[in-house]
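# Reading the structure
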Amino acid sequence: MKRRSLDEFDLIRLNLQRMDTLTSDTPLIDRLFSSAPVLPFTIAFGLGILLAYKIQPPSVVWIAVCGITIMAGLCLFFTLKTKNEIRLSLALTGACLATLALGTVHSYSITNMPPNHISGYLQNERELATLKGKVISAVRTDASSRGLSSIPWLSSQSSFYLETEYIETPSGWQKATGKVRVQISEPVGHVRPGNTVQIDCWLSRFTPPPNPGQFNLQKHMHQRGVYLAASVPIAEGVEVIHTSVPLLPKIRSILYPLAAGALLDEPDTTVRSLTAALLLGRRSGLSSQIMAAFRDTNLAHFISLSGMHVGILAGSLWWLLRITSLTKRPRAVVCIILILLYAMIVPARAPTMRAVFISCFFFASVLFKKQANSLNTLSLSALVLLFIHPYDLFSAGWQLSFLSVLGILLFFPTMKFHFLTRLFYPAIAYFPKSLAGLKGPFRRIIELLAIGASIWVTISPILLYYFGQINPFSPLWTVLVLPFVLTILYAGFAKILLSSLFPTIATVFGWILNHAATGFGNTVIILSKIDFFRVFSYRPGLPLVLTIYFLMLALCLLSPSYWRLKKGVVFLILLCFLYPGISSHLKIKDRNDLEITCLSVGHGQAIVLSGPENEHFLFDAGSITNRNLANKTILPFLQHQGISSLDTVCLSHGDIDHINAIGDVAAAVKIKNVYANQVLLNSAQKPSIEKEVCQTLTQMGQTIEPFQTYRGQKGLTIKSIWPDETILSEPSVSENDKSEVLLIEYAGRKILLCGDIERTAQNRLTEHNPDLTVDVLILPHHGSTNSLDVGFIESLKPDIIIASCSKRAVKNAYHPPEGSSIQTFYTASDGAVTVKINSGNILTTNSFLNVAKN
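In this report, the structure presented in the accompanying data block is examined. (Residues numbered from 1 in each chain as written. Predicted model: local features only at pLDDT ≥ 70, side-chain atom pairs only at ≥ 80, totals over all residues. Heavy atoms only, no water.)

### A look at the nonpolar core
Spelled out, the test is: Take the buried Ala, Val, Leu, Ile, Met, Phe, Trp, Tyr and Cys residues and link them wherever side-chain atoms come within 4.5 Å; each set so joined is a nonpolar core. Buried means the residue's accessible area, taken with a 1.4 Å probe over protein chains only, is under 20% of the maximum for its type, while exposed means over 50%, and partly exposed covers the values in between. In DSSP terms, a helix is any run of H or I states spanning at least four residues, a strand is any run of E spanning at least two, and both are numbered starting from the N terminus. Any two residues whose heavy atoms approach within 4.5 Å at even a single point are treated as in contact.
Membership of the largest hydrophobic core comes to 66 residues, with the highest contact counts inside it found for Phe 294, Ile 339, Phe 363, Trp 398, Ile 488 and Phe 520. The biggest single contributor to this core is helix α16 (residues 474-498), with 8 residues. Not counting chain neighbours up to four residues away, the residues in contact with Ile 339 comprise Val 310, Ala 314, Leu 317, Val 356, Ser 359, Cys 360 and Phe 363. Core analysis: the next-biggest nonpolar cluster, separate from the first, contains 35 residues, Ala 621, Ala 630, Leu 646 and Ala 832 among them.

### Examining the pattern of salt bridges
Should the charged atoms of two oppositely charged side chains come close, the side chains can pair. So the rule is basically this: Any carboxyl oxygen of Asp or Glu within 4 Å of a side-chain nitrogen of Lys or Arg constitutes a salt bridge here.
This structure, assessed with the given rule, holds 9 salt bridges. Residues Lys 836 and Glu 595 are paired through a salt bridge, measuring 3.8 Å at the closest nitrogen-oxygen approach. Placement of Lys 836 in strand β22 (residues 833-837) and of Glu 595 in strand β9 (residues 594-598) is noted, with a sequence separation of 241 residues between them. Accessibility expressed as a relative area gives 34% for Lys 836, which makes it partly exposed. Overall, the relative accessible area of 14% leaves Glu 595 in the buried class. Between Asp 775 and Arg 749 there is a salt bridge, with the nearest N and O atoms lying 3.1 Å from each other. Here Asp 775, found in the loop between α26 (759-768) and β19 (776-778), pairs with Arg 749, found in strand β18 (residues 749-753); they are 26 residues apart in sequence, far enough to count as distant. In terms of burial, Asp 775 and Arg 749 fall into one category: buried.

### Digging into the pairing of strand β20 (residues 800-803)
In summary, the side chains of a regular strand alternate between the two faces of the sheet. Basically, it comes down to this: A pair of strands is labelled paired if DSSP reports no fewer than 2 bridges between them.
Across the two faces of β20 the burial is the same, with Ile 800 and Ile 802 and Ile 801 and Ala 803 all buried. By the bridge criterion, 3 bridges tie β19 to β20 in an arrangement that is parallel. The residue of β20 that forms the bridge with Leu 777 is Ile 801. Relative to strand β21 (residues 823-826), β20 is paired through 4 bridges, and the arrangement is parallel. In the sheet register, Ile 800 faces β21, and the bridge partner there is Gln 823.

### Observations concerning the pairing of strand β3 (residues 157-169)
With 5 bridges connecting them, strand β1 (residues 126-135) and β3 associate as antiparallel partners. Bridge pairing in β3 places Val 135 opposite Leu 162. The sheet contact formed by strand β2 (residues 140-142) and β3 spans 3 bridges and is antiparallel. Bridge pairing in β3 places Asp 142 opposite Gln 157.

### Details of the sheet that holds β9
Two modes of strand pairing occur in sheets, parallel and antiparallel, and in both the strands are linked by backbone hydrogen bonds. Quick reminder of the rule: Interaxial angles span 0 to 180 degrees and are taken between N-to-C directions of axes, which are lines fitted to C-alpha atoms, for helices over the stretch in contact.
Across the sheet, which stays open at both edges, the 8 strands sit in the order β14-β13-β12-β11-β10-β9-β22-β23 with mixed pairing between neighbours. A single partner strand is all that each edge strand has here, and the edge strands are β14 (704-706) and β23 (843-847). Taken pair by pair, the neighbouring strands of this sheet meet at an average axis angle of 25°, ignoring direction. Where helix α20 (residues 629-640) meets the sheet, it contacts β9, β10 (604-610), β11 (616-623) and β12 (645-651), and its direction lies at approximately 160° from that of β11.

### Notes on the packing of aromatic side chains
Applied cut-off: Note on aromatic contacts: the rings of Phe and Tyr and the six-membered ring of Trp form a pair at centre separations within 6.5 Å, being stacked when their planes are under 30 degrees apart, edge-to-face when over 60 apart, and tilted otherwise. Two conditions define a charge located above a ring, namely a distance within 6 Å from the ring centre to NZ of Lys or CZ of Arg, and an angle within 35 degrees of the ring normal.
Across all of its chains, the model carries 17 aromatic pairs by this definition. Geometrically, the ring pair formed by Phe 424 and Tyr 425 is edge-to-face, given 5.0 Å between the ring centres and 70° between the ring planes. Accessibility assignment for this pair places Phe 424 and Tyr 425 in one class, buried. In this arrangement the basic side chain of Arg 126 is found over the ring face of Trp 202, its NZ or CZ atom lying 4.2 Å from the centre. Against the face of Trp 173 rests Lys 132, its NZ or CZ located 4.3 Å from the ring centre.

### Quick notes on a nonpolar patch on the surface
Heads up, the rule is: Nonpolar side chains (Val, Leu, Ile, Met, Phe, Trp, Tyr) are joined into patches within 5 Å and like charges within 9 Å, using only residues with over 30% relative accessible area and no salt bridge. In these tables, accessible area is a Shrake-Rupley quantity obtained with a 1.4 Å probe, and a residue counts as shielded only by the protein chains included in the view.
A surface patch of nonpolar side chains, amounting to about 430 Å² of accessible area, comprises Trp 319, Leu 320, Ile 323 and Leu 497. For Leu 497, the location among the structural elements is in helix α16.

### Thoughts on the sheet that holds β21
A sheet is described by the order of its strands in space; here 7 strands give the open sequence β15-β16-β17-β18-β19-β20-β21, paired in mixed fashion. Each edge of the open sheet is held by one strand with a lone partner, namely β15 (710-711) and β21. Pairing analysis gives 5 bridges linking strand β16 (residues 717-722) to strand β17 (residues 741-746), with the strands arranged antiparallel. Bridged to Lys 719 within β17 is Leu 743. Here α26 sits on the sheet and contacts β16 and β17; the angle it forms with β16, its principal contact strand, is near 115°.

Following this line, the structure appears as structure tokens:
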């Protein structure tokens, strides 16, 4: 092929722009602060929030500091006979210190409890209470279980936040203040934001997460000034006593049904859920499989309303309004109003609100004929959002949202230069004349890659810190799926705007929307099958993350003349990224210990075992007290442990509290083998919960087989010792007594998992294995003494017993006699219990909520 010459003028212009940036005499930090004067105040306000979070001093102290700082700054400004630049610097420093103090005071005021706070009326861990107050949030209704939604106690539930006004006490109604999170165990349709309600509830405090990796709801709520939770068993427990609704919720109640009705008319569940996620910010309908695919490809930002979504809406509105011949100012006003209306429809998450503020600030600059600076606008939106919710500063969503935009502002010019000079211009030199028209689209693709790379580099440390994995192909995947996303957004917004005026045209856009959503979902699932990124699965510590960001900042601030030093900084950043992942990967391969964790799941069971050959097992996955067990407990634990796939899942029997979460687990992680109890397999042949579970697993490509003995090369053995053929053939024996009992052996130690066997099976098991003793015993039937033979425990002579039970069942669970040397753990009070056995026969046990016991 004949080589064509480069576009010399374009390349020269690009290099001149690059040279102008590199040779600027003004230091970068001065350019940043001069062009973004809000930035130092935003940083100071954030530091104030950090101080309030870490030190938590009395607000009086910081009010005094704030006042003294302002007075000192004013005195220095007016009294010092120095140059104007120095006086201005002193004034700026004083203002930043005052902003820091303001951030601390404001943050502390949110978490500070007044004397008549409602939490002072709660004397015990959980009490019946009657409250009156105003509903201050939208009423959210969502399904807690996708796989087994037909089961009554796993159906949808509603929740909202209540600003308490009164609480009923033995002496009558007493005034009380404070926010309460209210959860109703069934859908509620008669409550609206702004209503004054009376609720009969169980009032309790939030508790720390009982399992590693689990979301810390207590901390999250405390940072928002919410210290109590109210549980209402039935919808009738919420009585509306005053029906006034503020204007904004009224508008929202009108707009959202119109938008949802126009969009969500597709019978296909996947298409409808993806459309709702991309355009309305509603992700509750997404299946576990789809959520896992977006997580694994690092494309989850597409299903979380972000700047791109709002930016496309803003750009579309601006372009459409040009047709009306409106001048720029009226167009800006209309765009601001429409964007604010859209913000009232969608959930108020950090990425969405950031994008809304930035768009409104941009249109405001048009309105007032001022040139908007991107970094200053980003800083101002961050300052506003932090003032509304200060402790969002510590949430992953808030950090990812602002860091992604900051990454574009800081790194995109450099990335663009390198991508164009090393990819675009060398490639187009080989373009034939017939393809000359493709140079423009090809350049846009390369620039999109540069944007994706800028974002990926900036947010990767945060992704690793919170989620334990990054996908190096994420920028490429972003470019591949972007056409689907743009089509969905443009078609969706067009359908919303035209559905009431031109329904026929809206139907055409609906057809385009549905096909684009189908292609989008299928493409992401296919991309998630590429698991090269597993090499990059590890969790760095906070010091390493801060070091990486410090090096990135140094890279931005260094003068171009120090190009050798900048290359060294880039090498250090790569080293910080890669070395921990590679070393942890090698360390895992060389492991020689066994680790088994009995998770705290309420009334149910979920046990995770990691073997010496890095093999991973899951024994049961169910609960009847903890909703959405897979997504709230099991999957976060696996992610926390760096477990991306399971070698084997073992289901001991068909009780719902042992199997109802396995479908969601299988949708989110790869499973090589599924073994099930023979009784469960038999029950799956007729309409039952077991059949529903097996059908779900089969649809995901899993083959369910009877239990098989596992023997690892490093000495790990897992075998079934119960039930035998005799008891399986006895119809009078309960299904619990036919539960699978598994014996785990490693390095001379034994662990026994008993399922739900009761007295009959316990007695026969000890008769068949009279010499069997174990080191660790997972108590049968959640440790309940109603079905436990004490002689069974005495025969096995365990050193450690673990009961996977709910809080209410702890009192009725087995407790060794006084003076016994048996160590006891109850997941309801101790949290997740982990047993470790190394190759030297040393066994250690610790619980997540209490001090380690050795």
